[in-house]
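In case you want the letters, here they are:
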Amino acid sequence: APDLARALPTLAWLTRPLGDMERVGAAVATRLAAHLGEGYRVAVVESEIEVGSGAAPTAVLPSRAVAIEHPQVSPDAIAARFRQADPPVLGRIHQDRFLLDLRGIATPDDLPCP
């Protein structure tokens, strides 16, 4: 099965162990907290992803995400800062936090710091 997961990136993405996401997330969170500056709170949190087609997902999978918050910076402004990175980084806003799902971040180097 490992060869199949390497050949099919989507399969690897869907079957990625939570522990692996937590390990990478801890390194990403440390790096982002140092880069973003004072007042930013960066933590690995439990998350979920929806798998399926468009507006009709067929399954929900547990996941992990890096949550980024700041008491004086809105989640929309944080999202805009990440979209302006090179290359742009897309996340989502959930419960007043900007989230970067860790299923798509295989190593800390996969995420550019904005």
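Structural notes, computed from the coordinates. Note that the structure is a prediction, hence the values are computed from the model and not measured.

1. Section: the nonpolar core
- Counting 20 residues, the largest nonpolar core has Leu 32, Val 66, Ile 68, Phe 82 and Leu 100 as the members making the most contacts within it.
- Secondary structure elements with two or more residues in this core: α3 (18-36), β2 (56-69), α4 (75-83) and β4 (97-101).
- The element best represented in this core is α3, accounting for six residues.
- In contact with Leu 100, not counting residues within four places along its chain, are Leu 32, Arg 64, Ala 65, Val 66, Ile 68, Phe 82, Val 89, Leu 90, Gly 91, Ile 105 and Leu 111.

2. Focus on α3
- The first and last C-alpha atoms of α3 sit 25 Å apart over 19 residues, in line with the 27 Å expected at 1.5 Å per residue.
- Residues of α3 that are buried include every one of Met 21, Val 24, Gly 25, Val 28, Ala 29, Leu 32 and Leu 36, and no others. Buried residues of α3, seen end-on, are gathered within an arc of 150° and therefore sit on one face of the element. Along α3, the residues that are exposed and aim more than 90 degrees away from the buried face are Arg 23, Thr 30 and Ala 34.
- Phi for Gly 37, located one or two positions after α3, is positive at around 105°.

3. Regarding the pattern of salt bridges
- As enumerated under the stated definition, the model contains five salt bridges in all.
- Asp 20 serves as the salt-bridge partner of Arg 16, at 2.7 Å between the closest nitrogen and oxygen.
- In this structure, the salt-bridge partner of Glu 69 is Arg 41, at a minimum N-O distance of 3.9 Å. With Glu 69 in strand β2 and Arg 41 in strand β1 (residues 41-53), the pair connects residues that are 28 residues apart, well separated along the chain.
- Assessed through its relative accessible area of 44%, Arg 41 is described here as partly exposed.
- Here the salt bridges share partners, and the residues they tie into one network are Arg 16, Asp 20 and Arg 23.

4. Things to note about the side chain of His 70
- By the secondary structure assignment, His 70 is in the loop between β2 and α4.
- Looking at His 70, the relative accessible area reads 14%, which means it is buried.

5. Details of the environment of Val 51
- For Val 51, the location among the structural elements is in strand β1.
- Sequence spacing of Val 51 and Gly 37 is 14 residues, and the spatial spacing of their C-alpha atoms is 34 Å.

6. Some details on the side chain of Arg 64
- Note that Arg 64 resides in strand β2.
- You can call Arg 64 buried: its relative accessible area is 12%.
- Within the structure, the side chain of Arg 64 is placed 2.8 Å from the side chain of Glu 22, a separation counted as a polar contact.
- Not counting residues up to four positions away in its chain, the partners in contact with Arg 64 are Leu 18, Met 21, Glu 22, Val 44, Val 45, Glu 46, Ser 47, Leu 100, Asp 101, Leu 102 and Arg 103.

Cut-off values and rules
Residues numbered from 1 in each chain as written. Predicted model: local features only at pLDDT ≥ 70, side-chain atom pairs only at ≥ 80, totals over all residues. Heavy atoms only, no water. Core = buried A, V, L, I, M, F, W, Y, C linked by side-chain atoms within 4.5 Å. Buried < 20%, exposed > 50% of the residue type's maximum accessible area, 1.4 Å probe, protein only. Helix = DSSP H or I, 4+ residues; strand = E, 2+ residues; numbered from the N terminus. Contact = heavy atoms within 4.5 Å. Expected span 1.5 Å × (residues − 1). Arc of directions from axis to C-beta. Salt bridge = Lys/Arg side-chain N within 4 Å of Asp/Glu carboxyl O. Polar contact = N/O pair within 3.5 Å; in protein donor to acceptor, adjacent residues only side chain to side chain.

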